[in-house]
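Reading the structure
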Amino acid sequence: MSQHIPATLRQQVLGQAGGLCAYCRSAEALLGVTFEIDHIVPLSAGGGTTADNLCLSCPTCNRQKGIRQTASDPASGEETPLFHPLAQTWGDHFTWSDDGATVIGLTPVGRATTALLRMNRPVLVQMRRYWLALGLHHPTR
Ligand SMILES: [Zn+2]
């Protein structure tokens, strides 16, 4: 669900994001699509259009997430909260494979979010390999 986001708030979110999707860490400049502002807690669940509830998201992560706040952890089958990009630290819940092309969920939150958002969809893994070969992808843990 989208809602008008005031320009100053949008600029604040963009500034904090450093041009990266808060979930899959893809760079807007490399994907060639305009990223979106995600309501981390959806409006329909009472989330606000406020700086502490907005993050930059690539269109695919945003679409996959939708209004979900939980997903199944593939390791346990347990319904698990999704990663909260502002309240949690990416590196606590995710890491990169040794080749830097695949996101690995380290925790139930990380695994559930990786699966729901399809953060290792084949086309994106292939793009990361191209970015790595060009020195444009910097997988940081
Ligand atoms: Zn993404």
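All residue numbers refer to positions counted from 1 along the written sequence of the respective chain. For a predicted model such as this one, the threshold for reporting local features is a pLDDT of at least 70, and the threshold for listing and counting side-chain atom pairs is 80 or more; totals across whole chains, interfaces and linings nevertheless cover every residue.

As for the overall build of the protein
Rules: We count a stretch as a helix when DSSP gives it H or I for four or more residues in a row; a strand needs E for two or more, and each element gets its number in order from the N terminus. Put simply, a residue is buried when 20 or more other C-beta atoms lie within 10 Å of its own C-beta and exposed when 12 or fewer do; between those, it is partly exposed, and each C-beta is set from the backbone. We call two residues in contact when the distance between their C-beta atoms, placed using the backbone, is within 7 Å.
Within the protein one finds six helices and six strands. Each helix (α) and strand (β) of the protein, taken in turn from the N terminus, gives the series α-α-β-β-α-β-β-α-β-β-α-α. For the protein, the spread of C-alpha atoms along the three principal axes comes to 40 × 35 × 20 Å. Buried positions account for 29% of the 141 residues belonging to the protein. Residue pairs in contact within the protein that sit at least 24 positions apart in sequence constitute 60% of those at least 6 positions apart.

Notes on the nonpolar core
Put simply, the rule reads: Definition of nonpolar core: a set of buried Ala, Val, Leu, Ile, Met, Phe, Trp, Tyr and Cys residues joined via C-beta atoms within 7 Å.
By size, the foremost hydrophobic cluster in this structure holds 22 residues, and its most contacted members are Cys21, Tyr23, Cys24, Leu56, Cys61, Leu82 and Leu117. Of all the secondary-structure elements, those providing two or more residues to this core are β2 (54-57) and α5 (108-116). Not counting residues up to four positions away in its chain, the partners in contact with Tyr23 are Ser57, Cys61, Phe83, Pro85, Thr113, Leu117 and Met119.

Examining unusual backbone geometry
Phi angles above zero are rare outside glycine, and Arg25 is one such case at about 65 degrees. Taking the C-beta count within 10 Å as the criterion, Arg25 has 20 such neighbours and is therefore assigned buried. Despite not being glycine, Arg118 has its phi angle at roughly 55 degrees, a positive value. Examined against the element boundaries, Arg118 turns out to sit in the loop between α5 and α6 (122-133).

Brief notes about α6
Heads up, the condition is: To estimate how far a helix should reach, multiply one less than its number of residues by 1.5 Å.
For α6, built from twelve residues, the straight-helix expectation of 16 Å at 1.5 Å per residue is met to within 8% by its first-to-last C-alpha distance of 17 Å. Once α6 finishes, Gly135 follows within two positions and takes phi at roughly 75 degrees, a positive value.

Observations regarding the pairing of β2
What counts here: In this scheme, strands are said to pair when DSSP sees at least two bridges between them.
Along β2, one buried face is formed by Leu54 and Leu56 and the opposite face, lined by Cys55 and Ser57, is buried too. Two elements, strand β1 (residues 36-39) and β2, share four bridges in a ladder whose sense is antiparallel. For Glu36, the partnering residue across the bridge sits in β2 and is Ser57.

Notes on the environment of Arg25
Within the secondary structure layout, Arg25 lies in the loop between α1 (7-17) and α2 (28-31). Between the alpha carbons of Arg25 and Ser97 there is a distance of 14 Å; along the sequence they are 72 residues apart.

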